[in-house]
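If you want the building blocks of each chain, they are given just below.
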Amino acid sequence: MTHCNYLRRPLTHWLVLAAMLFIAASPHCHSQSILDATSTENPVQQTEELENTTAADADASTAEAGMPAESLIQVLRNSPEVMVEVKSVIADEAQQRGVSVQADSLTDQQVYSQLEASADLRASVTEFLRARGYISEAEVAQARERYQDNTPDVRKSRRARSNVRDSSNAAAALEGECEALPGAYKAGKLRTEPCSPAPPWQYKGMLHSSGTAVPPNITDEPSELHRTAPYNLRALRDLYTQVPGSTAQLKRLGSGLFITRDVPQFSASGSLPVGGATTLDVPLGPDYILGAGDELSIALWGGVSQTVLRTIDRGGRVSLPEAGPVQVAGLALKDAQALITRMLQPQFRDIHVLVSVAQVRSIRVFVVGDVQRPGAYEVSSLASPLTALFAAGGPTAIGSLRILRHFRNQKQIGEIDLYDFMLHGMSPVDDKLEADDTLLVPPAGPQVAVFGAVKRPAIYELKDEQDLAAVLDDAGGLTVAASLAHIAIERIVPHQGRVEVAVDTGSDRDPAAVLSRLRATGVKDGDRIHVATVLPYSEQVVYLQGHVARPGKIAFHESMRLNEVLRSYRDMLPEPADRGEIVRLVPPDLHPEVVQFSVPDVLIGNANPALRPFDTIRIYGRYERDAPVVSIRGEVERPGDYPMFKGMTAADLVRTAGGFKRDALVERADLASYQVKDNAQVIVQRQDVAIGDAVVDHKHAADVALRPGDVLTIHQLTGWNDIGASIIVEGEVAHPGSYSFQAGEHLSDILRRAGGLRPTAYPQGAVLTRPEVASLEEKSRQELIRQIETSAASARMKPTADSGGQSATLQLVQQQEEQILSRLRSQPATGRLVIQIDSKIGRWAGTPADIEVRSGDTLRIPKRPGFVLVTGQVYSPAAVTFMPDHTAGWYLKRAGGATSIANQKEIFIVRANGSVIGRGSHKWFDRGILSTRLDPGDTIVVPQKIIGPSVTWRNLLGTAQVVTSLAIAAAVAGL
């Protein structure tokens, strides 16, 4: 079959899918091999497990492959001939995979259920329908887009984005609270999209197992759609509510009646039901008419005790022991028992006989017309027409549910209305089946759709219903939420178009009068009857919100006043503001106006304004409207801003902030206050407060009353930060380690306590580092890096005729910049201070060289180094052994001399103590920097030539070279 090529899927998928469909169609017929293969004794349980597993796996793998199930089902319903081909495709493909499934054994509802459960099947059917031209690519894309827009994740994301937009809107004059999202919107924020309930396309009620939504219970919160309100008022939020139209897909009443898994299924080919003849669960009555094929159980006792089973043959006879054949066909069961008793009494003495039916006979009936599986069926002689209809799978999507015609010998002997069975539970008892009877299901008659505020929204088939009242009665009647003044009918004018028909129920709300008008309103084929609901909010209500104990709606009545809502301070949260407001929606256009009132005056009865419907009574907290705030700083446990309560003093503020810290100066504190003069100038005043007396000794005379905006500062004890201050002494001292010190101690004092310098010490190379200096160096280094980076563009040469030479020069400039920046970034700040000390502490103690020590200082006294370091642009950077009385030029020659890119004019020397000797450090009569006599630990730095015509650029890079060289010299001095 060519169309099977569109449905290529893995073998396991089709085996499972075919097993699911076939078990659902005939759980007792040919399922034994499947049950054996899976070792499952319960076919219903197996089917459910297969469905759940397949649906989960398929949805995870091909969730985006096909159209949604709703769209595919709509295509199949609109084109019944497509369903036949789809069933054939599924059956043929399953047979190719080794599973035997008959296309006519699959019902429409079973295919619909599998489309909802299996994403793989949806993808296959979509591909087949598209290849055959039933649907287009554009229709598939549109259906997928609608489905994706309505998924819960997309709706949640859309609401989240809307909330983000709401949070950035400008402030409004009026603001309020949203019960749906408490606290989500702060005071003064406009709401461009109020809090919304579930989307209008999603019911808030329960869900069927198939996932389809059902209408909510009448006591549930009504579905509603919120339009954008200009202000965040609960009253406006309610008034900006619309009742959305129902988008749920209606189904025919009774469409799910014939979807079952646990009733016996019958073969349409004429074979016997599964398991042979039907076994009786209950005894038959004495009026049962016997016929050929019935199996009789004849129990004998008295002269002889035995039980014999006899089947009535085609001639209507049974063979009795010792009595021979007896004609019983056509007799009632009680008459047959009397006849058999008379026949056996002459043969046996004192015999007693009991005749019962062990198994009833089977009869063949025909079920034709618009049914799922038309054909001949072997059913029990006790079966009713409904039993045979169930065996045939029930009517198709176009089959009637109101007319089931029963024919016998080419004459109609009865007609069954399934609505009597479905709506009233009445089953026909007089209409019995006989052999060769025919049941005919004609096409459905006129149909109307009823939805909205009715108890059973569905599509109804009309039979005897001629008016709107009868149709609404079939739909279970109106709910209490139905609006009688808003019942509308969308009607099709035959072969012309659609019109809207308003149902006039009158202004009288008397049920009898309304029912009379509904009976006078006729209905026609194709009508869509919509019963709207009442508005989802009350029109006799006021709202209470804000700083209150029980915010929400309050029932309104005529002559209602404010003191009926605010009775005492117990109706409000602690410390309410003394001013409140009523936001009133003024008719006729319901624009908001604000009426302010005094809360104390209302509570004592001096003011009591009247209320109107939709009034919003808003109470603020004392700290919500320009709250009085005082501040405390300094040495308290929790410094910061605090709301000022009535009668608050400086001592109260200190206690509120957790009390004093141990380092607090409790003798006095600073209090800064302000006054506004002539509403044009702020005057700041300062005063001392004996805060210790007020807080510790509880002296009221020392305490000071606070005013809004006051700032109280608690100072720290003198020298508190010097507690535990220490300096680390390392290297060539008698007793290295950490030494604490008092304020005012100097470097000489620390060295004396450390036992003085050892004979091996080299005080000229001492390194003293300080954290504060390191921090300043780091800032300077980062600023230098920033200046070099920002000045890099200006350092490039201007265009010249020699473009090749320009390009080479630019490359050199960039390489030089990158090298210097790399070295600058890799050299951390040292924090070194230049000091000049020697081994004789008494010589420099008390002089400017004897600096005062600070907490965190580190002093390292190195050993006498035996070299001079030569670094930079020399042929052999190295540490040259120290030779007394030799100059820098002598050491430079020992390092190979300067290279061709060296800047010999800017050679400088870094002494072991950190001081720098450069070109400008000598007097005019000196012979130059290279004539300087060096000491152990000194460093000769030969910088690189800076390329570029800009003086600023050369100075920046030169400075960077000096900084990196100083870091190297400090590291060498500490060796």
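Residues numbered from 1 in each chain as written. Predicted model: local features only at pLDDT ≥ 70, side-chain atom pairs only at ≥ 80, totals over all residues. Heavy atoms only, no water.

1. Some details on a nonpolar patch on the surface
Argument step 1. There is a patch of nonpolar side chains on the surface, built from Tyr-674, Val-676, Val-682 and Val-684 and spanning about 390 Å² of accessible area.
Argument step 2. Structurally, Val-682 is set in strand β26 (residues 681-689). (Patch = residues over 30% accessible without salt bridge, like charges linked within 9 Å, V, L, I, M, F, W, Y side chains within 5 Å. Areas by Shrake-Rupley, 256 points an atom, 1.4 Å probe, with all protein chains shown as cover. Salt bridge = Lys/Arg side-chain N within 4 Å of Asp/Glu carboxyl O. Helix = DSSP H or I, 4+ residues; strand = E, 2+ residues; numbered from the N terminus.)

2. Some remarks on the sheet that holds strand β15 (residues 482-493)
Argument step 1. As summarised here, the arrangement of the five strands in space is β14-β13-β17-β15-β16, forming an open sheet in which the pairing is mixed. Strands with a single pairing partner mark the edges of an open sheet, and in this sheet they are β14 (458-461) and β16 (497-502). Looking at each pair of strands side by side, their axes are set apart by 20° on average, direction ignored.
Argument step 2. Note that strand β13 (residues 447-452) and β14 share four bridges and pair antiparallel. (Pairing = 2+ DSSP bridges. Axes fitted to C-alpha atoms, helices over the stretch in contact; angles between N-to-C directions.)

3. Some words on the nonpolar core
Argument step 1. Among the nonpolar cores identified, the biggest contains 43 residues, and Leu-433, Val-450, Tyr-460, Leu-468, Leu-518 and Ile-529 are the most heavily contacted of them.
Argument step 2. The contacts of Leu-468, once residues within four sequence positions are left out, are Ile-487, Val-503, Leu-518, Thr-521, Val-523 and Ile-529.
Argument step 3. Counting 24 residues, the second-largest nonpolar core is a separate cluster that includes Ala-664, Ala-669, Val-689 and Leu-706. (Core = buried A, V, L, I, M, F, W, Y, C linked by side-chain atoms within 4.5 Å. Buried < 20%, exposed > 50% of the residue type's maximum accessible area, 1.4 Å probe, protein only. Contact = heavy atoms within 4.5 Å.)

4. Overview of helix α7 (residues 119-131)
For an α-helix, the turn length of 3.6 residues means that residues three or four places apart are oriented alike.
Argument step 1. With 13 residues, α7 extends 18 Å from end C-alpha to end C-alpha; this agrees with the ideal 18 Å at 1.5 Å per step.
Argument step 2. Along α7, the positions that sit buried rather than exposed are Ala-119, Asp-120, Leu-121, Arg-122, Ala-123, Ser-124, Val-125, Thr-126, Phe-128 and Leu-129.
Argument step 3. The N-cap of α7, judged by a side-chain oxygen 3.5 Å from the amide nitrogen of Asp-120 a few residues on, is Ser-118.
Argument step 4. A positive phi of about 90° marks Gly-133, the residue just after α7. (Expected span 1.5 Å × (residues − 1). Polar contact = N/O pair within 3.5 Å; in protein donor to acceptor, adjacent residues only side chain to side chain.)

5. A few points about the sheet that holds strand β4 (residues 306-311)
Argument step 1. If you trace the three strands from one edge of the open sheet to the other, you get β4-β3-β7, paired in antiparallel fashion. Strands at the two margins of the open sheet, each flanked by one partner only, are β4 and β7 (351-359). In this sheet, neighbouring strand axes are inclined to one another by 20° on average, regardless of whether the strands run parallel or antiparallel.
Argument step 2. For strand β3 (residues 295-302) and β4, the ladder comprises six bridges, and the chain directions are antiparallel. Of the residues in β4, the one forming a bridge with Ser-297 is Leu-309.

6. Quick look at the environment of Gly-958
Argument step 1. The residue Gly-958 is located in helix α24 (residues 951-973) in this model.
Argument step 2. For Gly-958, a relative accessible area of 23% gives the class partly exposed.
Argument step 3. The sequence separation of Gly-958 and Ile-820 amounts to 138 residues, and the corresponding C-alpha distance is 9.4 Å.

7. Describing the packing of helix α4 (residues 69-78) against α7
Argument step 1. Two elements in contact, α4 and α7, have axes whose closest approach is 11 Å; the angle formed by their N-to-C orientations is 45°. Relative to α7, the element α4 lies oblique. With respect to the hand of their crossing, α4 and α7 are arranged in left-handed fashion. For the pair formed by α4 and α7, the contact residues are Ala-69, Leu-72 and Val-75 on the first element and Arg-122, Val-125, Thr-126 and Leu-129 on the second.
Argument step 2. Taken together, the residues of the contact of α4 with α7 sort by class into five nonpolar, one polar and one charged. (Parallel < 35°, antiparallel > 145°, perpendicular 65-115°, else oblique. Left-handed = near helix turned anticlockwise from the far one by under 90°. Nonpolar A, V, L, I, M, F, W, Y, C, P; charged D, E, K, R; others polar.)

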